[in-house]
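Each chain, written out:
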Amino acid sequence: MFWPFVQVRHSVLGKALLVFGVGLYLYYTAWILLTPFAEPGHPVQNFFPSRVYGLALPTIGIILLLSVTAGLAGVLITLEKLR
């Protein structure tokens, strides 16, 4: 009897994550595509941080992701050789 309730919670969590991801993607896209065309004093500029962060944050994220992946692969290869 407990399983259907878990299924519903997973469904709600999945939908919430989807809405959050799509919202984040739309915000980032608007940030990168709208701010170059708005003048510095325009009210649209108040909704977004500097464009430097818009390019630096994803770059840092990709570098961290690749570093963690390479480190994990190195550890797994080393452990496999020790067996």
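Read on for a plain summary of the structure. (Residues numbered from 1 in each chain as written. Predicted model: local features only at pLDDT ≥ 70, side-chain atom pairs only at ≥ 80, totals over all residues. Heavy atoms only, no water.)

**Focus: the overall build of the protein chain**
Line of reasoning, step 1. Regarding its fold elements, the protein chain presents 2 helices and 0 strands.
Line of reasoning, step 2. For 83 residues, the compact-globule estimate of 2.2 N^0.38 gives 12 Å, and the protein chain exceeds it by more than 25% at 21 Å.
Line of reasoning, step 3. Seen through its C-alpha atoms, the protein chain measures out along the principal axes to roughly 60 × 45 × 15 Å.
Line of reasoning, step 4. Classification of the 83 residues of the protein chain by burial places 7% in the buried group.
Line of reasoning, step 5. Looking at the protein chain as shown, the accessible area adds up to about 7400 Å², and 77% of this sits on carbon and sulfur atoms. (Helix = DSSP H or I, 4+ residues; strand = E, 2+ residues; numbered from the N terminus. Rg over C-alpha atoms; globule rule 2.2 N^0.38 Å. Buried < 20%, exposed > 50% of the residue type's maximum accessible area, 1.4 Å probe, protein only. Areas by Shrake-Rupley, 256 points an atom, 1.4 Å probe, with all protein chains shown as cover.)

**Considerations on the environment of F48**
Line of reasoning, step 1. Tracing the backbone through its elements, the reader meets F48 in the loop between α1 (3-34) and α2 (51-82).
Line of reasoning, step 2. On the accessibility criterion, F48 (12% relative accessible area) is buried.
Line of reasoning, step 3. Sequence-wise, F48 and Y28 are 20 residues apart; in three dimensions their C-alpha atoms are separated by 9.1 Å.

**Overview of the packing of aromatic side chains**
Line of reasoning, step 1. Within this structure, the stated rule accounts for 3 aromatic pairs.
Line of reasoning, step 2. Taking the centre distance of 6.2 Å and the plane angle of 45° together, the rings of Y27 and W31 count as tilted. Separated by 4 residues within a single helix, Y27 and W31 lie in helix α1, roughly one turn from each other.
Line of reasoning, step 3. W31 gets classed as buried once you look at its relative accessible area, which sits at 7%.
Line of reasoning, step 4. Here Y27 and F48 contribute two aromatic rings whose centre-to-centre distance is 5.1 Å and whose plane-to-plane angle is 40°, an arrangement assigned as tilted. Taken together, the residues span a long stretch of sequence, with Y27 in helix α1 and F48 in the loop between α1 and α2 at a distance of 21 residues.
Line of reasoning, step 5. Given a relative accessible area of 35%, Y27 falls into the partly exposed group.
Line of reasoning, step 6. Grouped by ring-pair contacts, the aromatic residues Y27, Y28, W31 and F48 constitute a single cluster. (Phe/Tyr/Trp six-rings, centres within 6.5 Å; stacked < 30°, edge-to-face > 60°.)

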